[in-house]
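Overview (structure and organization)
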Amino acid sequence: MLGSTNIVAFVPTRDSDKARAFYEGVVGLRFKDDGFALTFAANGIMVRVTKVPEFKPMQFTILGWEVPDRY
């Protein structure tokens, strides 16, 4: 059922301004304002960055991309 629909990735942040600067300016994702969260287009996948005031960063990866092997 869900195997044929698009995935939406959710990423928490404590600082929306810094998160937008990173995902838009550094990572290069296209910002799409949906009025609720920071939303970015990532090659057909929606990445929603949601402000979570009590968020404590973990010691593991929560979002990643496949990249070409350059070595």
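1. Details of the pattern of salt bridges
Enumeration according to the criterion identifies one salt bridge in this entry. Salt-bridge contacts for Glu-24 lead to Arg-20; the nearest nitrogen and oxygen are separated by 2.8 Å. Within this pair, Glu-24 and its partner Arg-20 are both found in helix 1 (residues 16-26), separated by four residues, close to a single helical turn.

2. Some points on the sheet that holds strand 3 (residues 38-42)
Pairing within the open sheet is mixed, and its four strands lie in the order 1-4-3-2. Two strands bound the open sheet, and with one partner strand each, they are strand 1 (8-13) and strand 2 (30-33). The sheet shows a mean angle of 30° between the axes of neighbouring strands, taken without regard to direction. In terms of strand pairing, strand 2 meets strand 3 through four bridges, oriented antiparallel.

3. With respect to the packing of aromatic side chains
Under the counting rule described, the total for this entry stands at three aromatic pairs. Between Phe-22 and Tyr-23 the ring centres are 5.0 Å apart and the planes differ by 80°, which places this aromatic pair in the edge-to-face class. Note on Tyr-23: relative accessible area 12%, which makes it buried. One aromatic cluster in this structure is built from Phe-22, Tyr-23, Phe-31 and Phe-40. The ring of Phe-31 has Arg-20 sitting right over it, with the charged end atom 3.6 Å from the ring centre.

4. A word on the pairing of strand 4 (residues 45-51)
Sheet analysis places strand 1 next to strand 4, joined by six bridges and oriented parallel. Across the sheet, Val-11 pairs through a bridge with Val-49, a residue of strand 4. Alignment of strand 3 against strand 4, held across five bridges, turns out to be antiparallel. Paired with Leu-38 across the two strands is Val-49, which belongs to strand 4.

Basis of the calculations
Residues numbered from 1 in each chain as written. Predicted model: local features only at pLDDT ≥ 70, side-chain atom pairs only at ≥ 80, totals over all residues. Heavy atoms only, no water. Salt bridge = Lys/Arg side-chain N within 4 Å of Asp/Glu carboxyl O. Helix = DSSP H or I, 4+ residues; strand = E, 2+ residues; numbered from the N terminus. Pairing = 2+ DSSP bridges. Axes fitted to C-alpha atoms, helices over the stretch in contact; angles between N-to-C directions. Phe/Tyr/Trp six-rings, centres within 6.5 Å; stacked < 30°, edge-to-face > 60°. Buried < 20%, exposed > 50% of the residue type's maximum accessible area, 1.4 Å probe, protein only. Lys NZ or Arg CZ within 6 Å of the ring centre and 35° of its normal.

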